[in-house]
Each structure stands twice: as C-alpha cells, then as structure tokens.
Amino acid sequence: MKTKALAVHLFTATGAVFAMLAMLEAVKGDWPMMFVWLVVAFAVDGVDGPLARKYDVKTNAPEFDGVLLDLIIDYLTYVFIPAFALFSSGLLEGWTGWFAIIVITFTSAMYFADTRMKTKDNSFSGFPGCWNMLIIVLFALEPGHWTILALVSVLAAAQFLPIKFVHPVRTARWRAVSLPMALAWTGFAGWAAWVQFDPASWAHWGLVLTSCYLCVAGALQQLFPAKV
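Residues numbered from 1 in each chain as written. Predicted model: local features only at pLDDT ≥ 70, side-chain atom pairs only at ≥ 80, totals over all residues. Heavy atoms only, no water.

What follows covers a nonpolar patch on the surface. Residues Trp174, Val177, Val216, Leu220, Leu223 and Phe224 make up a contiguous nonpolar surface patch of roughly 560 Å² in combined accessible area. Broken down by element, the residue count for the nonpolar patch peaks at three residues, all from helix 9 (residues 203–223). Among the secondary structure elements, tryptophan 174 is positioned in the loop between strand 2 (164–165) and helix 8 (175–194). (Patch = residues over 30% accessible without salt bridge, like charges linked within 9 Å, V, L, I, M, F, W, Y side chains within 5 Å. Areas by Shrake-Rupley, 256 points an atom, 1.4 Å probe, with all protein chains shown as cover. Salt bridge = Lys/Arg side-chain N within 4 Å of Asp/Glu carboxyl O. Helix = DSSP H or I, 4+ residues; strand = E, 2+ residues; numbered from the N terminus.)

Written out as structure tokens, the structure reads:
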C-alpha cells in the first residue's frame, strides 16, 4: 500500500512536466499544442485525487504533502500558463492585457491560499481559479476584447463571493451529471486544440455547453437546496 501511495504522488508530479511542456509551446506561440498539454495535465488532476483517497496517501505516504503538490501544479496549469497565453496571443491588447494578467495571477494566488475554498459538501466556495477552462473557450470562440475583459473581471471577483462551484468528482449532488460533463469537457477541449481551433469544429459548441453547466451547477444547487 505504501508503494502505491507513493506512486500516486509521483503521478501527481507528472503534472509539473506537462506544465513545462505547455509553457515551452506557449513561448513558441503554438497555442493548440500548449492547450493539448494543459488538457493532459487537467486529466491527471482529475484522476489523482480519487487515487489519493483510495490509497490514503496521508497515512501511507505522509513524507509528501499531496495537497501542496497539487496546488503548486494547479497554479501553473490553471492560472499562470493560461494567463501568459491570454496576454501573448493578442486576444487582449494594450492595457487590457496587462489588467487581465495582473488580476488573474494576483487574485488566484490569494484564492489558492484561502482556507475557506471548500464547502461542507466538497464544492468550491467561489470560482475555483480554473482559468485554463475559460481561456481555451476564448481561444476557440475569439469574442471581442471587451467581452473577454468583462468575463475576466466577473470571474476574478467571483473567486471571493459565496457562490458554489461544483467539484465534478467530490460534490455528491448531481455527480451523475457533473462527472460526465467534466469528462466531456476534457474531450471537447482536447479535440478543439488538436484541430487548431478550427471554427467549423463541433467541439466548440460542446465546450460552451459543458462549460456553462460546470459554471452554474453549484449556484443552481444553492438556489434549489436538496430536500432533507
């Protein structure tokens, strides 16, 4: 069991490698391949949590802090690299680009350090800093820069508002819908990046639909509490 628990930590750490591969592609301006690696890292992040709980890494491999390891990699793949891509891609120009990267990186650093980020039902309290999910949709759809700026501003503020966002794996309520939606989002995102964000790709609409569900499901659960 100790060996399997350690293997889970090693598996989680591969996310740092995928982050570096994504960053190398970002520096070259190869945005589709950057997102392919970010999607791979996203898939690793979705699998390592259940494995960590299954093999009880806190008990069987306590030498490594899995939560800290996960947060370090998440900040790179969810926040830092996507923010760099948004700034360098030209989707936002002039002061709007600077505003976006400062707001994204600063507020997300505070959110990731917030001890109140999880609710009792294992949902997130506030937007969980999943900027990778937003920015891949922006690359696919290429909305106007004012729309992008508005989305960044609203979601940055939403990190600190008492609005729930579901964790597709850990939030028990609606998990039968949320988990398939998250898996579908991963598939749509990977395919959209693989076809270089071809505007004719059906993956774009899949990305929009699954993103909308994952964004509002927690708030809907607050509006319509479960009957006890």
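Taking 1.5 Å of rise per residue, the 27 residues of helix 1 (residues 2–28) would be expected to cover 39 Å, and the 41 Å separating its terminal C-alpha atoms lies within 8% of that figure. Those residues of helix 1 that are buried lie in contact with helix 2 (31–54), helix 3 (57–60) and helix 4 (66–88). Glycine 29 occupies a position one or two residues after helix 1 and carries a positive phi of about 80 degrees. (Expected span 1.5 Å × (residues − 1). Contact = heavy atoms within 4.5 Å.)

A few words on the nonpolar core. In a soluble, globular protein the nonpolar side chains are often hidden away together inside. The biggest cluster of nonpolar side chains holds 55 residues, and the ones touching the most others in it are Met34, Phe35, Leu86 and Trp131. For this core, the secondary-structure elements that each account for two or more residues are helix 1, helix 2, helix 4, helix 5 (95–112), helix 6 (131–141), helix 7 (145–158), helix 8 and helix 9. The leading source of residues in this core is helix 6, at nine residues. What phenylalanine 35 contacts, discounting residues up to four positions off in sequence, is Asn132, Ile135, Ile136, Phe139, Ala193 and Phe197. (Core = buried A, V, L, I, M, F, W, Y, C linked by side-chain atoms within 4.5 Å. Buried < 20%, exposed > 50% of the residue type's maximum accessible area, 1.4 Å probe, protein only.)

We now examine helix 2. Here helix 2 spans 35 Å end to end across 24 residues, near enough to the 34 Å set by a 1.5 Å rise per residue. Between the side-chain oxygen of the N-cap and the backbone nitrogen of methionine 33 there are 3.4 Å, and the N-cap of helix 2 in question is aspartate 30. Taken from the residues just after helix 2, aspartate 56 is the one with a positive phi, measuring 45 degrees. (Polar contact = N/O pair within 3.5 Å; in protein donor to acceptor, adjacent residues only side chain to side chain.)

Relative to the elements of secondary structure, alanine 5 occurs in helix 1. For alanine 5, a relative accessible area of 0% puts it in the buried group. Measuring from C-alpha to C-alpha, the distance between alanine 5 and arginine 170 comes to 19 Å, with 165 residues separating the pair along the chain. If near-sequence neighbours (up to four positions away) are discounted, alanine 5 is found in contact with Tyr55, Val57, Asn60 and Ala61.

Let us now look at the pattern of salt bridges. Per the stated rule, a full pass over the model turns up three salt bridges. For lysine 28, the salt bridge goes to glutamate 25, with nearest N and O atoms at 3.4 Å. Here the residue lysine 28 and the residue glutamate 25 both occupy positions in helix 1, the gap between them amounting to three residues, near one helical turn. What makes lysine 28 exposed here is its relative accessible area of 61%. You can call glutamate 25 buried: its relative accessible area is 13%. Linking arginine 116 and aspartate 114 is a salt bridge whose minimum nitrogen-to-oxygen distance equals 2.9 Å.

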